[in-house]
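Residue-level structure breakdown
Spelled out, the chains give:
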Amino acid sequence: MALTYGASDAAIVPASWVVVDERVRLKCLVPLCYRAGESINCPPHTPEPDLVRQALARYRWAILFKRDVEPAAPHVLKPDKRAGLPPSTFHNGTYDVVGNLEALAFNDGYYLALGFSGGSCKAAFCRNLPCQALQGGGCRFPLRGRPSMEGVGIDVFDLANKVGWPVYPIAHKDVDPASIGCAISVGIVFVH
Ligand code: SF4
């Protein structure tokens, strides 16, 4: 079903493979990501790693998937913020796969199904509007907006390596783009 919803590949993984590491969440804050604090789903507003680690330890299985983002070139180099940031569509489809899988599992009886996407829901959906949830109202996209894997401390690179998916960080502007093999966006749904 992940493939039906737009994933390029998917794997059923033991939940015990998922590493929650304080350093991952801290990387959203040091150096400060330009999306940090902008939405209720980004650090420092996301659940603390201890809570996430304890909760995820209660699951046995998860569906991990990736989306190949093509063309990769516009996404592999860190944009120059001084030149203005382009609207990000990198993770948009990932939110949809996560939301659909989570809802399907929920309706199939897995009522504790829980999914995390990648990146920032503000970048994906609300763009220039302030986060409504952060202002005390409801989220504009309650079934789509959610924290990223990295925002709750999940080591996404480690998981990609475990299932054999090539993965590269968004590179410094002076890195040769030819040295970056692909761009992927990753999501996960803990099912049971
Ligand atoms: S999608 Fe929801 S949580 Fe995310 S920025 Fe918009 S209102 Fe806030």
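Check the entry above for the structure.
Attention in this report is confined to the structure presented alongside it. (Residues numbered from 1 in each chain as written. Predicted model: local features only at pLDDT ≥ 70, side-chain atom pairs only at ≥ 80, totals over all residues. Heavy atoms only, no water.)

**Digging into the overall build of the protein**
- Scanning the protein from terminus to terminus reveals 6 helices and 4 strands.
- In the protein, the succession of α and β elements from N to C terminus is β-α-α-β-α-α-β-α-α-β.
- In terms of its C-alpha atoms, the protein occupies a principal-axis envelope of roughly 50 × 40 × 30 Å.
- Classification of the 192 residues of the protein by burial places 42% in the buried group. (Helix = DSSP H or I, 4+ residues; strand = E, 2+ residues; numbered from the N terminus. Buried < 20%, exposed > 50% of the residue type's maximum accessible area, 1.4 Å probe, protein only.)

**Thoughts on the side chain of His91**
- Within the secondary structure layout, His91 lies in the loop between α3 (73-76) and α4 (92-107).
- Overall, the relative accessible area of 18% leaves His91 in the buried class.
- Within polar-contact distance, the side chain of His91 engages the side chain of Ser185 at 2.6 Å. (Polar contact = N/O pair within 3.5 Å; in protein donor to acceptor, adjacent residues only side chain to side chain.)

**A look at the pairing of strand β4 (residues 184-190)**
- Most of β4 is tucked away: 7 of the 7 residues are buried.
- In β4, alternate side chains face the same way, and those of Ile184, Val186, Ile188 and Phe190 on one face and Ser185, Gly187 and Val189 on the other are all buried.
- Relative to β4, strand β3 (residues 114-116) runs antiparallel, the two being bridged by 3 bridges. Within the sheet, the bridge partner assigned to Leu114 lies in β4 and is Phe190. (Pairing = 2+ DSSP bridges.)

**Notes on the layout of surface pockets**
- Computed from the structure, the second largest pocket encloses a volume of approximately 160 Å³.
- Around the second largest pocket, the lining residues are Ala55, Arg58, Tyr59, Gly109, Tyr110, Tyr111, Leu112, Val191 and His192.
- In the lining of the second largest pocket, the residues fall into 6 nonpolar, 2 polar and 1 charged. (1 Å grid on protein atoms, 1.4 Å probe; cavity = no way out; pocket = protein on both sides within 12 Å on 5 of 7 lines; lining within 4 Å. Points joined across faces, edges and corners; volume = space filled by probe spheres on them. Nonpolar A, V, L, I, M, F, W, Y, C, P; charged D, E, K, R; others polar.)

**Describing the site of the ligand**
- Neighbouring the ligand are the residues Ser39, Ile40, Asn41, Cys121, Lys122, Cys126, Cys131, Gln132, Cys139, Arg140 and Phe141.
- Residue classes in the shell around the ligand are distributed as 6 nonpolar, 3 polar and 2 charged. (Near = heavy atom within 4 Å.)

**Details of the sheet that holds β3**
- Taken in spatial order, the 4 strands line up as β1-β2-β4-β3 in an open sheet, and their pairing is antiparallel. Unpaired on one side and paired on the other, β1 (9-14) and β3 mark the two borders of the sheet. On average, adjacent strands in this sheet sit at an angle of 20° to one another, irrespective of strand direction.
- With 7 bridges connecting them, strand β2 (residues 61-68) and β4 associate as antiparallel partners. (Axes fitted to C-alpha atoms, helices over the stretch in contact; angles between N-to-C directions.)

**Observations concerning helix α6 (residues 156-163)**
- For α6, the set of buried residues is Val156, Leu159 and Ala160. Seen end-on, α6 carries its buried residues on one side only, within an arc spanning 100°.
- Residues of α6 that are buried make contact with β2 and β4.
- The distance from a side-chain oxygen at the start of α6 to the backbone nitrogen of Phe157 is 3.3 Å, and the residue carrying that oxygen is Asp155.
- Within two residues after α6, Gly164 carries a phi angle of roughly 85°, on the positive side. (Arc of directions from axis to C-beta. Contact = heavy atoms within 4.5 Å.)

**A closer look at helix α2 (residues 49-56)**
- All of the buried residues along α2 are Pro49, Val52 and Leu56. What you see down the axis of α2 is that its buried residues fit within an arc of 65°, all on one side. Opposite the buried face of α2, at more than 90 degrees from it, the exposed residues are Leu51 and Gln54.
- Looking at the buried side of α2, the elements it contacts are α1 (22-26), β3 and β4.

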